[in-house]
Amino acid sequence: MANNLRMLRDGRGWTQGEAAAALGTTRNQYAKLEGGSRRLSDKWIKLASDAYGVDPGEVVTERAGTVPVVGYVGAGTAMHFYAEGQGPLDEVPAPEDATPLTVAAEIRGDSLGPIFAGWRVFYDDRREAVTDDLIGRLCIAGLADGRVLVKKVLRGRAEGRFDLHGQFGEPVLDAEVLWAAKVTGLTPA
């Protein structure tokens, strides 16, 4: 079973703190429930159902069979300009750990290694700011200049800026990252 807490929260325009208050818990506890690191028991399903004003069945769903391909992500030394909002382009089989928020993008470029050009990358926990747990991880990153890249995220030299690295090619240094999501899987196209 996958939970729909993020989708329900986004639908209300609530922060995690506001959602936590509506469920009578802490933001930290709510984040664990929403992220799937803490299982949704019947108690939590009932609390979420009441807070969001939906049937309990709308809080949890069976794992999706497919996920949308939302666009292309750049992974090359000659940076491709793949802006947000390109798709959906297609539907592909969902990975085993897919959630209702899981999406895929196709990698264009070879900075991760030529073998990964054309592969699909999966992600689901898109964050509006780079959080500490994303540092040193392979992420999809939306930059202020409109590019969407798949790179390892490291801290930049300036506060709030980040260096983005691939295995090959020049890194993108001190980039302004508007959003990021940890890569949860890669598969060949």
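Scroll up for the structure.
Remember, it's a predicted structure, so these values are computed and weren't measured experimentally. (Residues numbered from 1 in each chain as written. Predicted model: local features only at pLDDT ≥ 70, side-chain atom pairs only at ≥ 80, totals over all residues. Heavy atoms only, no water.)

A. Region of the structure containing the environment of Thr66. Tracing the chain through its elements places Thr66 in strand S3 (residues 66-74). By relative accessible area, Thr66 is classed as partly exposed at 42%. For the pair formed by Thr66 and Lys182, sequence separation is 116 residues and the distance between their alpha carbons is 19 Å. The residues contacting Thr66, other than those within four sequence positions of it, are Glu91, Val92, Pro93 and Ala94. In terms of polar contacts, Thr66 uses its side chain to reach the side chain of Glu91, at 2.7 Å. (Helix = DSSP H or I, 4+ residues; strand = E, 2+ residues; numbered from the N terminus. Buried < 20%, exposed > 50% of the residue type's maximum accessible area, 1.4 Å probe, protein only. Contact = heavy atoms within 4.5 Å. Polar contact = N/O pair within 3.5 Å; in protein donor to acceptor, adjacent residues only side chain to side chain.)

B. Seen up close, the packing of aromatic side chains. The final tally for this structure, using the stated rule, is three aromatic pairs. Consider the rings of Phe116 and Trp119, whose centres lie 4.8 Å apart with planes at 75°: the pair is edge-to-face. Accessibility expressed as a relative area gives 24% for Phe116, which makes it partly exposed. Positioned above the aromatic ring of Trp44, the side-chain terminus of Lys43 is 4.6 Å from the ring centre. (Phe/Tyr/Trp six-rings, centres within 6.5 Å; stacked < 30°, edge-to-face > 60°. Lys NZ or Arg CZ within 6 Å of the ring centre and 35° of its normal.)

C. Broad picture of the packing of helix H2 (residues 16-23) against helix H3 (residues 27-35). Closest axis-to-axis distance for the H2/H3 pair is 8 Å, and the angle between their directions is 100°. Classed by the angle they form, the pair H2 and H3 counts as roughly perpendicular. Where H2 approaches H3, its residues Gln16, Gly17, Ala19, Ala20 and Leu23 are matched on the opposing element by Arg27, Tyr30, Ala31 and Glu34. (Axes fitted to C-alpha atoms, helices over the stretch in contact; angles between N-to-C directions. Parallel < 35°, antiparallel > 145°, perpendicular 65-115°, else oblique.)

D. Focus on the nonpolar core. Leu5, Leu23, Tyr30, Leu40, Ala48, Tyr52 and Val59 are the most contacted members of the largest nonpolar core, which totals 16 residues. At the level of secondary structure, the elements contributing two or more residues to this core comprise helix H1 (5-12), H2, H3 and helix H4 (42-52). Broken down by element, this core gets its largest block of residues, five residues, from H4. Among the nonpolar cores identified, the runner-up in size contains 14 residues, and Ala75, Val103, Ile107 and Leu112 belong to it. (Core = buried A, V, L, I, M, F, W, Y, C linked by side-chain atoms within 4.5 Å.)

E. Region of the structure containing the environment of Arg157. Following the sequence through the fold, Arg157 ends up in the loop between strand S8 (148-155) and strand S9 (162-165). A C-alpha to C-alpha distance of 17 Å links Arg157 and Ala129, two positions 28 residues apart in sequence. In this structure Arg157 touches Leu173 and Asp174, once residues within four positions along its chain are discounted.

F. Inspection of the side chain of Arg147 at higher detail. Topologically, Arg147 is positioned in the loop between strand S7 (138-143) and S8. Since its relative accessible area comes to 17%, Arg147 is described here as buried. Side-chain polar atoms of Arg147 contact the side chain of Asp145, separated by 2.8 Å.

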